[in-house]
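A structural walkthrough
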Amino acid sequence: MPDNFLEQLLAAKSAEEETKILLKMLPVNISRAAWAVAIPHWFNAEIIAILLPDMAAQAEDLYVQLQRQSFVEPFQDRGHNIHELTRKRILNLWWHERRPEYRRISESAHSFFSSKEGDIHAIEAAYHYLVSMTFDPEDTISRWNRIASQLKTSRQYALVHTLIQNTREHISGGRVPANMEGLVSQWERSFAKELVSIGKQHQKKEDWTSATEILDHAQKLYADLHDEKAQANILIKLGGSYFQKELSDRIFRELEQHKAAIADLNRTTVDSYRSQANLLRFSPSGRMREALSLRMGIIEIDPEDFDSHLAIVSMTKELDGNVPSIYMDKARQYVREGDWYALTCLESVCENFDLAFEHLKRAAQDENFDPAWAWKDPDLQWIRDTPHFLEIVGPKPEE
Amino acid sequence: MTYQHPIVDRATELDIFEAMFARSEDRGESILLLKDGSGQGKSKLIQLYEKHCRENHVPVSRVDFKGGALNPSDVLRTIEMDFRPFSNLQRCNEILYSTVPAPSIQITDNISLGSAQYNVQIEPMNEWILETQRILWEMSTQAMLDALFASTSAGQENFVILFDTYEQASEEIKRWLSKHILRMSTPQRIGSLLIVVAGKDIPPPTGEWESCCKTIHLQPLQLEHWKEYARQLADDISEELIERVYARYRHSPLDMATIINSLSPLEKTSYA
């Protein structure tokens, strides 16, 4: 028997076929139960009785027997589950070989989980609905919207990811109509937008903890949608919350994560780090060294970033009193041609004062020149305390 | 404490757990990152070590993030329940409950906080109740963890906390772990505390974390240990069959264990 069994197993052409042979080796009732409990994400005796009503009387015993199988593992606070590798294979078998029965059991699972209270059960019910006999694609979005509004009330935003991942599980298994992928993405995007708006409301109320949490979820949804631009925009918003919560370590971690991903330079993302570096630099609680580190990180992503090279030169001079020549040379190399204000800043920091004033004269003629900022700009502090500066820029505006 | 080597060879990994816990090499590492693919046996190893700790009366708590539904208060509740029987943690509970003030509002509903109940007068599911609950939990988390870590730093008690299926933890949980648990595990703070984080996808430690984290992968299963395990489950299986299963499935411990289980359906012992 074992040798025949192994021959059959070795002759199997797919992992699914192997699993089918292995399940066949189990006693009939345990095998049947193993097939059924692979359908939900977790199971216990009550769920076994629902999925296999004709075996309800044995449910407790089957539950114990199933726990002895290598492919069954504990599911904290909910019972047990079939290991994800085995489960994936069994679900493929269900779909391709026993679809009507699969739909029928999913229908029972849907009814059962719908009748239970709590967000987790609503999400599990939604998952089973997708392959149930009563599935109606038109109805899916309104169902999800109901769940989403429930999750917004309970603030269990993390479960939205579970809802989406569960649906993707069916999509990747080819078990739902092809247009579901588009529907999921559309819904995910609109929910992410909604989260951004809720996050912004919390920021307005200066509730930085909630804002960070909610915007984090939105960022994860956009990451899932591979929408780098939207992610970058959230990073900008998150930067404000991190800053308020003195969470610059988060900014650095985000930067580390994005370094590789944005090697091809996503301008908006780099801009978000620039604005975060400025927030740190101008923080009243003195966080210039953090700003300096962040600028160093930015030039790793964008080695030709003039603003960051200038900021490094300027901050190092302010903190340590010296001007690092390597960054100064790079700033000269990458300064934008005809950007007289940037040139003024550079020459001011490098103490080429005559040249700085020449550039400042030209900069002041630009319609976008902002005298108020010129009076505040730390890069110009080296030339500000002179009559020449006053003459070009005009008197210091009142606060 | 000493442990009995398990029937199937995971002694190499368990030795690492134990050395870190006992600080026998004392490199200041107190967080072990156990990274490997699906079906390699991470969860079984975590459960095995949990069992071993319980048998040896070492305070241990295991939290599995599978399903992605846990929030920080669930994690805290599990840890608190697991550690409650250990006497030195009485101080934790004292701090926990003395730090959290009862909300000064009228009474119609209950908020549970560990074993304590706070009576609150507000509409159920009102945004306000959730916010209050969140604030209470945040305060209690800090108080309890401070006491826990103070206790370990003073060498009064040893603890093991095991986190499994990290890749399914929500962003909120990951942030909370980083803020409240992992970040507190600096070499300076820790007496005898071992935190194991197991999962498929754990980011590599950076910055200050590098000094207190050790990363390991599961060792490939050796033929002799596989034979030993298979024999214990089904002694009528031929040597050739055992070797053929090993040759074909040695990279998938879960499949190997399932095959042997199927050959011996009445005596199930799981491995992978």
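Since the structure is predicted, the reported quantities are computational estimates derived from the model, not experimental observations. (Residues numbered from 1 in each chain as written. Chains lettered and ligands numbered in written order. Predicted model: local features only at pLDDT ≥ 70, side-chain atom pairs only at ≥ 80, totals over all residues. Heavy atoms only, no water.)

Glancing now at the overall build of chain B. Helix and strand counts for chain B stand at nine helices and seven strands. Relative to its 272 residues, chain B shows a buried fraction of 57%. Summarising the internal contacts of chain B: among those between residues at least 6 apart in sequence, 68% fall at separations of at least 24. Summed over its atoms, the accessible surface of chain B is roughly 11800 Å², and 49% of this surface lies on carbon and sulfur atoms. (Helix = DSSP H or I, 4+ residues; strand = E, 2+ residues; numbered from the N terminus. Buried < 20%, exposed > 50% of the residue type's maximum accessible area, 1.4 Å probe, protein only. Contact = heavy atoms within 4.5 Å. Areas by Shrake-Rupley, 256 points an atom, 1.4 Å probe, with all protein chains shown as cover.)

The next subject is the nonpolar core. Residues and elements named next belong to chain A. One finds Phe43, Ile48, Leu66, Phe71 and Trp94 to be the most contacted residues of the largest nonpolar core, which totals 40 residues. Secondary structure elements with two or more residues in this core: helix H3 (28-37), helix H4 (45-51), helix H5 (59-67), strand S1 (72-75), helix H6 (84-97), helix H7 (99-114) and helix H8 (119-129). Considering every element that reaches this core, the biggest residue donor is H3, with six residues. Core analysis: the next-biggest nonpolar cluster, separate from the first, contains 34 residues, Leu151, Val196, Ile198 and Ile234 among them. (Core = buried A, V, L, I, M, F, W, Y, C linked by side-chain atoms within 4.5 Å.)

With that out of the way, let us pick up the environment of A:Tyr129. Residues and elements named next belong to chain A. As for its position among the elements, Tyr129 is in helix H8. Taking the relative accessible area as the measure of exposure, Tyr129 reaches 3% and is therefore buried. Along the sequence, Tyr129 and His110 sit 19 residues apart, while their C-alpha atoms lie 5.6 Å from each other. The residues contacting Tyr129, other than those within four sequence positions of it, are His110, Thr134, Phe135, Asp136, Asp139, Thr140 and Arg143.

A few words now on the side chain of B:Gln40. All names here are of chain B. Note that Gln40 resides in the loop between strand S1 (31-35) and helix H2 (42-55). Within the structure, the side chain of Gln40 is placed 3.0 Å from the backbone oxygen of His251, a separation counted as a polar contact. When sequence neighbours within four positions are dropped, the list of residues in contact with Gln40 reads Arg10, Leu218, His251, Ser252 and Pro253. (Polar contact = N/O pair within 3.5 Å; in protein donor to acceptor, adjacent residues only side chain to side chain.)

Another point: the confidence of the model for chain B. All names here are of chain B. In this model, chain B carries a mean pLDDT of 70, and residues with pLDDT of at least 70 account for 57%. Predicted confidence for residues 95-130 stays below pLDDT 50, and this span has 73 contacts to residues more than four positions away or in other chains. Here the predicted complex scores 0.69 on pTM and 0.71 on ipTM. (pLDDT = per-residue confidence, 0-100.)

Once that is clear, we can look at unusual backbone geometry. One non-glycine residue, A:Glu351, lies in positive phi territory at about 65°. Tracing the sequence through the fold places A:Glu351 in the loop between helix H19 (340-349) and helix H20 (353-364). Here B:His57, not a glycine, exhibits a phi torsion of approximately 60°, which is positive. Along the chain, B:His57 turns up in the loop between H2 and strand S2 (60-64). Residue B:His57 is classed as exposed on the basis of its relative accessible area, which comes to 64%.

In total, this model carries 30 salt bridges over all chains according to the counting rule given. In this structure, the salt-bridge partner of A:Lys116 is A:Glu46, at a minimum N-O distance of 3.1 Å. One end of the pair, A:Lys116, is in the loop between H7 and H8; the other, A:Glu46, is in helix H4, and 70 residues separate them in sequence. We classify A:Lys116 as partly exposed; its relative accessible area is 29%. Judged by relative accessible area, A:Glu46 falls into the partly exposed class, the value being 41%. A salt bridge links A:Arg89 to B:Asp255; its shortest N-O distance comes to 2.9 Å. Of this pair, A:Arg89 sits in helix H6 while B:Asp255 sits in helix H9 (residues 253-263), each in a different chain. In terms of burial, A:Arg89 and B:Asp255 fall into one category: buried. (Salt bridge = Lys/Arg side-chain N within 4 Å of Asp/Glu carboxyl O.)

Moving on: the packing of aromatic side chains. Residue and element names in this part refer to chain A. A full pass over the atoms with the stated rule returns 14 aromatic pairs over all chains. Taking the centre distance of 5.1 Å and the plane angle of 75° together, the rings of Phe112 and Phe113 count as edge-to-face. Here a set of aromatic residues connected by ring pairs shows up, and it is made of Trp35, Trp94, Trp95 and Tyr102. Above the plane of the ring of Trp95 lies Arg99, whose end atom (NZ or CZ) is 3.9 Å from the centre. (Phe/Tyr/Trp six-rings, centres within 6.5 Å; stacked < 30°, edge-to-face > 60°. Lys NZ or Arg CZ within 6 Å of the ring centre and 35° of its normal.)

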